[in-house]
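Below, each chain spelled out in residue letters.
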Amino acid sequence: MLEAVGVEPGEEQVYLALTAAPAAGAAELADRTGLSRAEVDRALAGLAGKGLVEVRSEPAGLIRAAPPDPTLKLLALQRMDELRRAQAVIAQLAERFEANGPAGGGADSVEVVRGARAIAERYAMLQREATQDIRALSRRPAVAVPATDNVAQREALRAGVRYRVVYDRDLLDPDSPQIPLLLEEWAALGEEMRVAAVPFKLMVIDRRQAALVPPDVAPREPVLLVVRARPVVDCLTWIVDRIWESALPVPTALSALPDGPLAVDDRRLLALLLAGYTDQAIASQLGVSMRTVQRRVQRLLGLAGVQSRIQLGWQAARRKWI
């Protein structure tokens, strides 16, 4: 998804429409994408700033997509470079505090917690201190309270704290009988969840403090760094947000996703989509408007728990929808 390189969802939708065919103006793009005119105008302004659209004077006002290469490659390289710099700062911080202990940076800015039991207690306390939101990256090894026993998270969710968690792909073992039930419970309580390749364990609380299990550090006992220095917390928040933007939704109610054929209308729509028909051609085939086609495709994407039409095709085959 282009969101991973800084292209907003609305911008991506407009850019993909332009890669299919140029547009005579913003009004045509609004009709083709289902976005409002204001949303299209904002998307075009953002794409222009990134060098991803061209406006031709002849014919007047013709809007074309700029070639994705090298512009998107450059955006991707910039994001990768920013992430590498941020990870280098974190690694240096972890190394310094592992070597020097709490005195290395001042007890007021960084707290070093050692041992599984102490980490579990501190982790629960941090969640109980949250008043607004918690953003987290979750991966093995488990050095805090197991997810199935996380009473503090249940209490925070019920109190209205917003949770956004990116789970590492390896953590969501489809063969584990607990995973679907656990995800369903968190989702029912309001947790927003996605899946991606997670580089390290991290939790940011109200953008005021962060709890980090240092990456690439193998101490004799587990170590948790609780960071309160604002520049470092801002850096860690940025990392969580970037990973969240590029992550994929987690299908929470796995048992609720239908297996077997869909309804006749949805099955026909899906067959045309997978055959490579454009939205306009599908609309003509089905006798509906293009916006209706786009709304129905978005519903199928949500039902499958995916973000792209390619992923929808894979899920459709996996679940025998057609």
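These numbers were taken from a predicted model, which means no experiment stands behind them.

Once that is clear, we can look at the pairing of strand β8 (residues 209-212). Where burial is concerned, the two faces of β8 agree: the one with Gln 209 and Ala 211 and the one with Ala 210 and Leu 212 are both buried. In terms of strand pairing, strand β7 (residues 202-205) meets β8 through four bridges, oriented antiparallel. Opposite Met 203, over in β8, you have Ala 211 as the bridge partner. Between β7 and β8, which pair antiparallel and follow one another directly, the connecting turn spans three residues, one of which, Asp 206, has a positive phi of 55 degrees.

Confidence in the prediction for the chain averages 76 pLDDT; 70% of positions are at 70 or higher. Per-element mean pLDDT across the chain ranges from 65 in helix α4 (residues 68-100) up to 94 in β7. Low confidence marks residues 102-107, where pLDDT is under 50. Its contacts with residues over four positions away, or in another chain, come to seven contacts.

What follows covers the packing of helix α9 (residues 264-274) against helix α10 (residues 279-286). Two numbers describe a pair of packed helices, the interaxial angle and the distance between the axes. It is at 10 Å that the axes of α9 and α10 come closest, and there the two elements cross at 145 degrees. The hand of the α9/α10 crossing is right-handed. Taken together, the residues of α10 that come into contact with α9 (itself represented by Arg 268, Leu 269, Leu 272 and Leu 273) are Asp 279, Ile 282, Gln 285 and Leu 286. Tallied by class, residues from the contact of α9 with α10 come to five nonpolar, one polar and two charged.

So, about the nonpolar core. Among the nonpolar cores identified, the biggest contains 22 residues, and Leu 137, Val 166, Leu 202 and Val 204 are the most heavily contacted of them. For this core, the elements supplying multiple residues, two or more each, are β3 (110-114), β7, β8, β9 (223-227) and α8 (230-246). The element that contributes the greatest number of residues to this core is α8, accounting for seven residues. Within the second largest apolar cluster, 21 residues are counted, among which are Ala 130, Ala 136, Tyr 163 and Met 193.

It is worth spelling out the pairing of β9 at this point. Side-chain direction in a regular strand flips from residue to residue, so the side chains alternate between the two faces of the sheet. With respect to burial, β9 is a largely interior element, five of its five residues being buried. A two-sided burial pattern is seen for β9, the buried positions comprising Val 223, Leu 225 and Val 227 on one face and Leu 224 and Val 226 on the other. Sheet analysis places β3 next to β9, joined by five bridges and oriented antiparallel. Note that in β9 the partner of Val 112 across the bridge is Leu 225. Here β8 pairs with β9 via three bridges, running antiparallel. Bridged to Ala 211 within β9 is Val 226.

What counts and how
- The numbers attached to residues start from 1 for each chain and follow its sequence in the written order.
- Local features are withheld for residues below a pLDDT of 70 in this predicted model, meaning they are given only at 70 or higher, and side-chain atom pairs are given and counted only at 80 or more; totals for whole chains, interfaces and linings count all residues.
- Values shown for side chains rest on all heavy atoms present in the structure; no hydrogens or waters enter the calculation.
- Summary of the burial criterion: residues with accessible area below 20% of their type's maximum are buried, those above 50% are exposed, and those between are partly exposed, where the area comes from a 1.4 Å probe applied to protein chains only.
- The helix and strand labels rest on DSSP assignments: H or I over at least four residues marks a helix, E over at least two residues marks a strand, and numbering proceeds from the N terminus.
- We treat two strands as partners when DSSP finds at least two bridges between them.
- pLDDT: the predictor's confidence for each residue, scored from 0 to 100.
- Note on contacts: a residue pair qualifies if any of its non-hydrogen atoms lie within 4.5 Å across the two residues.
- Angular values range over 0 to 180 degrees, each being the angle between N-to-C directions of two axes fitted as lines to C-alpha atoms, with helices fitted over their stretch in contact.
- Crossings are classed by handedness, with left-handed meaning an anticlockwise turn of the near helix from the far one by less than a right angle and right-handed meaning a clockwise turn.
- Gly is placed with the polar residues, together with every amino acid not listed as nonpolar (Ala, Val, Leu, Ile, Met, Phe, Trp, Tyr, Cys and Pro) or charged (Asp, Glu, Lys and Arg).
- By nonpolar core is meant a set of buried Ala, Val, Leu, Ile, Met, Phe, Trp, Tyr and Cys residues that side-chain atoms within 4.5 Å join together.

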